[in-house]
Amino acid sequence: MKKPIPINGRQVGEGHAPYIIAEAAVNHQGDLATAEHMVHIAHAMGADAIKFQIHILDDEMLKDAPQSENFAEPLYETLRKTNLSVAGHKRLKHLCDRLGITYLCTPFSRIGADILDKEIGVAAFKTGSGELTNLPLQEHIAKKKKPMIVSTGMCTVAEIKETVNTIKRIGAPLMLTHCVSAYPTPYHLVNLGMIAKYSKAFSVPVGLSDHSRGIYTALGAVALGACLIEKHFTLDKLQKGPDHPVSIEPHELSELVKGARAVFQALGHQRKIFDEEKPIVAWARESVVSEKNIKKGSLIRKDMVWVKRPSPGPGAIAAKFLDKVIGKRARIDIAKDTQILWKQLA
């Protein structure tokens, strides 16, 4: 069993309910009031954490970085418009602390990581898939010795191994999230089977950072052992922005939280008659009954008996013993449509 990792007092890993991260990302459009409202909603919907992004743009990218199809304008410009100030992040962290939901935030540069560590006091670091192969940044963060959640989209298993080895060598608590960085991710590309493979290969807790539509694959991931679910969250998925179309709205976040916990509770390996089943056993099984009036001394034939509900009471004959009744003699008269008792047979 992989050792669970504590995040702000909450154990995350095998044997613990899935940790649900509402990924706000830049879905607040750079508006602090909207971001604060998202914190309130995520908390009300039952999420364990809400995650933002901090961008120190000139420390993380060149201005002419290419854009993907989910961005309507250059990446640098999109992030500049939707970025929150350090003061804004401090307000969000304070609000999260007051409400009792964990504030998380993804850095994309050394300065961003340092701000989160020293000025804001983040409980754990979550790095995006784009930073999986950024070993200098991963090493920089790992040296802070706080828990690390590392996404694994758009990379190879060999690249994941490099990063895992880098972080383990430093000794930071580590968990991975399986991820496919397609927006949205078609279901046939989700590959939930990688959760168990990563867990076995790297001996760390493994979750899912999900970009597919809806909550189906997230619930499937919990059934396959995911200890953490990260899902993009928005107040309205019809808004304009790169992540809104693949995000879930508040009611879906609520269902994800409830569903993930329900699936987790259902992951047992026991098979016995549970106490809650015993009242049903009383009527749901069958016993041997008479199909017609049977005279004392009669030899019991197949046409005289069959199996019917209710379950056999004290001394009655369970359905599985029907063959043992055939050929015995009745000690007394047995009325039609009654349970037959062993003591009535010779």
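In the block above lies the structure referred to throughout.
How each quantity is defined
- Residues numbered from 1 in each chain as written.
- Predicted model: local features only at pLDDT ≥ 70, side-chain atom pairs only at ≥ 80, totals over all residues.
- Heavy atoms only, no water.
- Helix = DSSP H or I, 4+ residues; strand = E, 2+ residues; numbered from the N terminus.
- Rg over C-alpha atoms; globule rule 2.2 N^0.38 Å.
- Buried < 20%, exposed > 50% of the residue type's maximum accessible area, 1.4 Å probe, protein only.
- Contact = heavy atoms within 4.5 Å.
- Areas by Shrake-Rupley, 256 points an atom, 1.4 Å probe, with all protein chains shown as cover.
- Lys, Arg positive; Asp, Glu negative; His and termini not counted.
- Charge placed at Lys NZ, Arg CZ, Asp CG, Glu CD.
- Salt bridge = Lys/Arg side-chain N within 4 Å of Asp/Glu carboxyl O.
- Polar contact = N/O pair within 3.5 Å; in protein donor to acceptor, adjacent residues only side chain to side chain.
- Phe/Tyr/Trp six-rings, centres within 6.5 Å; stacked < 30°, edge-to-face > 60°.
- Arc of directions from axis to C-beta.
- Core = buried A, V, L, I, M, F, W, Y, C linked by side-chain atoms within 4.5 Å.
- Pairing = 2+ DSSP bridges.
- Right-handed = clockwise from strand over helix to strand, strands pointing away.

Colleague: Explain the overall build of the protein here, please?
Modeller: Counting its secondary structure elements, the protein contains 13 helices and 12 strands. Computed over C-alpha atoms, the radius of gyration of the protein comes to 30 Å, more than 25% over the 20 Å expected from 2.2 N^0.38 for 346 residues, which places it beyond the range of a compact globule. Taking the principal axes of its C-alpha atoms as reference, the protein extends roughly 100 × 40 × 40 Å. Counting only residues that meet the buried cut, the protein has 47% of its 346 residues in that class. Here the contacts in the protein between residues at least 6 apart in sequence split such that 65% fall between residues at least 24 apart. If you sum the accessible surface of the protein, you get close to 17,100 Å²; carbon and sulfur atoms cover 54% of it. When the 47 positive and 36 negative side-chain charges of the protein are each reduced to one mean point, those points stand 13 Å apart.

Colleague: Honestly, the pattern of salt bridges in this entry has me stumped. Any pointers?
Modeller: Opposite charge on two side chains lets them pair, provided their charged atoms get close. A complete count under the given rule lists 24 salt bridges for this structure. Lysine 2 is the salt-bridge partner of glutamate 14, the closest N and O atoms lying 3.9 Å from each other. Residue glutamate 14 is found in the loop between β2 (10-12) and β3 (19-25), and its partner lysine 2 is found in the segment before β1 (5-7); the two are separated by 12 residues along the sequence. You can call glutamate 14 partly exposed: its relative accessible area is 32%. Look at lysine 2 and you get partly exposed, because its relative accessible area is 21%. As a salt-bridge pair, arginine 91 and glutamate 36 come within 2.9 Å of each other at their nearest N and O atoms. Of this pair, arginine 91 sits in helix α4 (residues 86-99) while glutamate 36 sits in helix α1 (residues 32-44), placing them 55 residues apart in sequence. Three or more residues joined by partner-sharing salt bridges are found here, namely Glu23, Lys51, Lys126 and Glu230.

Colleague: Before we go on, may I ask you to explain the environment of leucine 135 in this structure?
Modeller: Among the secondary structure elements, leucine 135 is positioned in helix α6 (residues 135-142). Judged by relative accessible area, leucine 135 falls into the partly exposed class, the value being 26%. For the pair leucine 135 and valine 164, spaced 29 residues apart in the sequence, the C-alpha separation amounts to 9.8 Å. What leucine 135 contacts, discounting residues up to four positions off in sequence, is Glu162, Thr163 and Thr166.

Colleague: Whenever I open this one, the side chain of threonine 185 confuses me. Can you help?
Modeller: Note that threonine 185 resides in the loop between β8 (174-179) and α8 (187-190). Among the polar contacts made by the side chain of threonine 185, one reaches the main-chain carbonyl oxygen of valine 180 at a distance of 3.1 Å. Beyond its immediate chain neighbours, meaning those up to four positions away, threonine 185 contacts Val180, Val190, His211 and Ser212.

Colleague: Hey, could you run me through the packing of aromatic side chains in this one?
Modeller: Each aromatic ring pair is described using two quantities: the centre-to-centre distance and the angle formed by the ring planes. A complete count under the given rule lists 3 aromatic pairs for this structure. Measuring from centroid to centroid gives 6.0 Å for tyrosine 198 and phenylalanine 202, while their planes differ by 40°, and the two rings are tilted. Of this pair, tyrosine 198 and phenylalanine 202 both sit in helix α9 (residues 194-202), separated by 4 residues, roughly a single helical turn. Accessibility classification places tyrosine 198 together with phenylalanine 202 in one group, the buried group.

Colleague: When you look at helix α10 (residues 216-223) in this model, what are you seeing that I'm missing?
Modeller: Every α-helix winds through 3.6 residues per turn, so residues three or four apart in the chain are directed the same way. Looking only at α10, the buried set comprises Thr217, Ala218, Ala221 and Val222. Buried residues of α10 fall within an arc of 150° about the axis and therefore sit on the same side. The inward-facing, buried residues of α10 abut α8, α9, β9 (206-210), β10 (228-232) and α11 (250-265). Where α10 terminates, the next one or two residues include glycine 225, which has phi positive at roughly 105°.

Colleague: Is there a simple way to explain the nonpolar core in this structure?
Modeller: For soluble globular proteins, the rule of thumb is that nonpolar side chains tend to be buried together. One finds Ile50, Phe52, Tyr103, Leu176, Ile229 and Leu253 to be the most contacted residues of the largest nonpolar core, which totals 71 residues. Met304, Val305, Ala330 and Ile340 belong to the second-largest nonpolar core, a separate cluster that totals 13 residues.

Colleague: Mind showing me how you'd approach the pairing of strand β5 (residues 102-107) here?
Modeller: Regular strands place their side chains on alternate faces of the sheet. Burial of β5 is extensive: 6 of the 6 residues sit out of reach of the surface. Of the two faces of β5, both are covered, the one formed by Thr102, Leu104 and Thr106 as well as the one formed by Tyr103, Cys105 and Pro107. Relative to β5, strand β4 (residues 49-54) runs parallel, the two being bridged by 6 bridges. Its bridge partner being in β5, lysine 51 is matched across the sheet by leucine 104.

Colleague: How do you make sense of the pairing of β8 when you look at a structure like this?
Modeller: Among the 6 residues in β8, 6 count as buried, and that is most of the element. Two elements, strand β7 (residues 148-151) and β8, share 4 bridges in a ladder whose sense is parallel. Following the sheet pairing, valine 150 is matched in β8 by leucine 176. For the crossover that starts at β7, traverses helix α7 (residues 157-170) and ends in the parallel β8, the hand is right-handed.

Colleague: Is there a simple way to think about the environment of glycine 13 in this case?
Modeller: One can find glycine 13 in the loop between β2 and β3. In this structure glycine 13 comes out as buried when scored by relative accessible area, which is 2%. In sequence terms glycine 13 and glycine 225 are 212 residues apart; their C-alpha atoms lie 9.2 Å from each other. Residues within four places of glycine 13 in sequence aside, it is in contact with Pro4, Pro205 and Cys227.

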